[in-house]
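Survey of secondary and tertiary structure
Chain residues, written in single-letter form:
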Amino acid sequence: MAVEGTPGLKRSLSIWAAVGLSVALMAPSMAANINPQGSSTYAGRAVPLTFLIAAVGVLLVSYSFVRLCQYFHHSGSVYAFVGATLGPRTGVVAGWGLLGTYTFYAVVTSAAAGIFGTAFLQEVGIWHNPPTWAPFVLLAVALLVALVLAIMPVRRGGHVLLTVEGTTVALILIVTAVVLVRLLAGNAPGGHTFTWSVFTVAPGTSSSGLFLGVVFGFLSFAGFEAAATLGEEARRPTRDIPRAIFGVAVFGGVYFVVVTAVEMMGFGANAAGVKAFTSSPSLLGDLGSTYVGHWVGDLITLGTTFSAFGCCLACVVGGARLLYALSRDTAGPRGLGQSHSRWGTPAWATLVVVVATGVIVGIQAAVAASPAAFNSFLWSGTIGTLILLVVYVLASIGCIILVFVRHKLPVPTWQIIIPIAGLVVLGYTLYRNVIPYPTGDSAWFPVVAGVWLAVAVVAVIVAAGTARKLGAALAAREGIKAPDETEVQVPSQLAAAGDEAS
């Protein structure tokens, strides 16, 4: 927390700001409109099943984040949680991993904003026959606007984005209800009917294919934990942050499973329906146009564009705070670890995250045989999620250490089965994404994710002195002793900050 009269993050946010960041990063309207296509590529009609598996995993993982946030409040999120429980070196790996996830997800969401924005302009006749590079133009605009808003936050900007997101989700739920009623009544277009087969795997689909699809379920939920990065800015962090995280996870679980099931049934659970589902540029936009009216589809596509932008902004905000925390605890409050004197935001860290996002987009466009915004979405989404699953594993282990080994919270012992069950789901999902090893473009996804994490592993091994600094910073700010350091010399300025935070 910032000491009065000195630069730092300002403790001024309510529980709704925490909910807003998590919802914005999860972007339910965007996620339900484009992520299921990625899942159907591997799992076919069983898209709702992949989202159900992901929902169970996320609810189990949310337990770990809730318990950790009841004890810690730090802008570094998993960097602090894991660092304080498994040691600063492991904390750096977790923090660097989540930073990578948010950066790759900034690519995903800015690409989605470009895709949906282009589709809307084409549908309403503003941009006839847009070229393949059109989404990249809107992608660049989204990143630039996100940079400005993340550094110079407009007081009402977050409320506006949340209002648009909420309105779009409400419209999506209305369309979902209409589609479901028509499916049950037997008067749906194309003769489609209600069927439970969408929760079963079609013949010829392997368990590996199913769990490759589960990755896009986790991609849709990703961000439910984003509120943890506001631990130094929330007014009542140990109460409000856990409530925000758990509430968003529960909402996402019900929402995604129901909506994806109706989406698949609305397109049809047969081979032709799955093909149309996979190739749809806007799932709910197409369903809205077909089942209700063309104007409804256009509104959903427009709202989804804003949802994707809001998610992009949240990715930049979350990633910048992680980079800020890592830099501040390594080199002190200067450079990337310095907050803006006027706006109280990590300005330089924000700039770096946005530039890194642009570089990733450029690399992906350069290596693709035919550059397309959907490639950036698909590739970065998979890479970011694989990194995120590893981070979730570390956070779950950290929760077990904190709660059930050190007994820092009064929790019944039997509840240890919850994080353990979460580890089983996460571990099996990771296993099925590398065994059997994927082919084609997908072969690079585990490699890139592994290289990103390996950078942090090598860094903490080589730079032992930096690890000690991080341990000292965590000790000062969180009042803990780094578990893999017998004695930590805490710099005086960090000790003062820690006393203020206490």
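Residues numbered from 1 in each chain as written. Predicted model: local features only at pLDDT ≥ 70, side-chain atom pairs only at ≥ 80, totals over all residues. Heavy atoms only, no water.

The predicted model of the protein averages 84 in pLDDT, with 85% of residues at 70 or higher. Taken as a whole, residues 1-7 scores under 50 in pLDDT and shows 10 contacts with residues more than four places along the chain or in a different chain. Every residue in residues 480-502 scores below 50 in pLDDT, and together they form 41 contacts with partners more than four places removed in sequence or on other chains. (pLDDT = per-residue confidence, 0-100. Contact = heavy atoms within 4.5 Å.)

What follows is about unusual backbone geometry. Residues apart from glycine generally show negative phi values, whereas peptide bonds are mostly found in trans. A cis amide bond links Ile435 with the next residue in sequence, Pro436, at an omega value of -10°. Here the phi dihedral of Ala27 falls at roughly 50°; this positive angle occurs in a residue that is not glycine. With respect to the helices and strands, the residue Ala27 is situated in the loop between helix 1 (15-26) and helix 2 (28-43). Notably, Asn129 is not glycine yet its phi reads approximately 45°, a positive angle. You can see Asn129 is positioned in the loop between helix 5 (88-123) and helix 6 (134-151). Overall, Asn129 belongs to the exposed group, its relative accessible area being 68%. (Helix = DSSP H or I, 4+ residues; strand = E, 2+ residues; numbered from the N terminus. Buried < 20%, exposed > 50% of the residue type's maximum accessible area, 1.4 Å probe, protein only.)

Attention now moves to the packing of helix 2 against helix 11 (residues 283-291). At a closest axis distance of 6 Å, the pairing of helix 2 and helix 11 adopts a crossing angle of 110°. By the angle between their directions, the pair helix 2 and helix 11 is classed as roughly perpendicular. Touching Ala32, Asn33, Pro36 and Gln37 of helix 2 are Leu283, Leu284 and Gly285, all from helix 11. Broken down by class, the residue content of the contact of helix 2 with helix 11 amounts to four nonpolar, three polar and no charged. (Axes fitted to C-alpha atoms, helices over the stretch in contact; angles between N-to-C directions. Parallel < 35°, antiparallel > 145°, perpendicular 65-115°, else oblique. Nonpolar A, V, L, I, M, F, W, Y, C, P; charged D, E, K, R; others polar.)

Right, let's talk about helix 8 (residues 207-221) for a bit. Between its first and last C-alpha atoms helix 8 spans 21 Å; for 15 residues at 1.5 Å apiece the expected length is 21 Å, and the two agree. Phi for Gly223, located one or two positions after helix 8, is positive at around 110°. (Expected span 1.5 Å × (residues − 1).)

Let's shift gears to the pattern of salt bridges. Going through the model one piece at a time under the given rule, you end up with one salt bridge. Two residues, Arg239 and Asp240, come together in a salt bridge whose shortest N-O distance is 3.2 Å. For Asp240, a relative accessible area of 1% gives the class buried. (Salt bridge = Lys/Arg side-chain N within 4 Å of Asp/Glu carboxyl O.)

Let's shift gears to the nonpolar core. Generally speaking, a soluble globular protein has its nonpolar side chains buried in company with each other. Core analysis: the biggest nonpolar cluster contains 149 residues, and Phe65, Val78, Phe224 and Ile245 have the highest contact counts within it. When residues no more than four places from it in sequence are discounted, the contact partners of Ile245 are Phe65, Val66, Cys69, Phe224, Glu225, Ala227 and Ala228. (Core = buried A, V, L, I, M, F, W, Y, C linked by side-chain atoms within 4.5 Å.)

The subject of this paragraph is a nonpolar patch on the surface. Taken together, the side chains of Tyr428, Tyr431, Val434, Ile435, Tyr437, Trp444, Val447, Val451 and Val455 make up a nonpolar region of the molecular surface, amounting to roughly 820 Å² of accessible area. Looking at the nonpolar patch, the elements that each hand over two or more residues are helix 15 (417-434) and helix 16 (444-462). Looking at which element gives the most residues to the nonpolar patch, the answer is helix 16, with four residues. (Patch = residues over 30% accessible without salt bridge, like charges linked within 9 Å, V, L, I, M, F, W, Y side chains within 5 Å. Areas by Shrake-Rupley, 256 points an atom, 1.4 Å probe, with all protein chains shown as cover.)

So, about the side chain of Ser220. Secondary-structure assignment places Ser220 in helix 8. In contact with Ser220, other than residues within four places in its own chain, are Met26, Ala31, Asn35, Phe51 and Phe256.

Looking now at the packing of aromatic side chains. Think of a pair of aromatic rings as described by two things: how far the centres are apart, and how the planes are tilted against each other in angle. All told, the structure shown has 19 aromatic pairs when counted by the stated rule. Taking the centre distance of 5.6 Å and the plane angle of 80° together, the rings of Phe267 and Phe277 count as edge-to-face. Of this pair, Phe267 sits in helix 9 (residues 237-267) while Phe277 is found in helix 10 (residues 271-279), placing the two residues 10 residues apart along the sequence. Note on accessibility: Phe267 and Phe277 belong to one class, buried. Among the aromatic residues, those joined into a ring-pair cluster are Phe65, Tyr71, Phe72, Phe81, Phe224 and Tyr392. (Phe/Tyr/Trp six-rings, centres within 6.5 Å; stacked < 30°, edge-to-face > 60°.)

This next bit is on the side chain of Arg432. Within the secondary structure, Arg432 is located in helix 15. Buried Arg432, no salt bridge; nearest opposite-charge side chain is Asp441, N-O distance 22 Å. Once you skip the residues sitting within four places of it in the chain, Arg432 turns out to touch Ser207, Ser208, Phe211 and Leu212. (Lys, Arg positive; Asp, Glu negative; His and termini not counted.)

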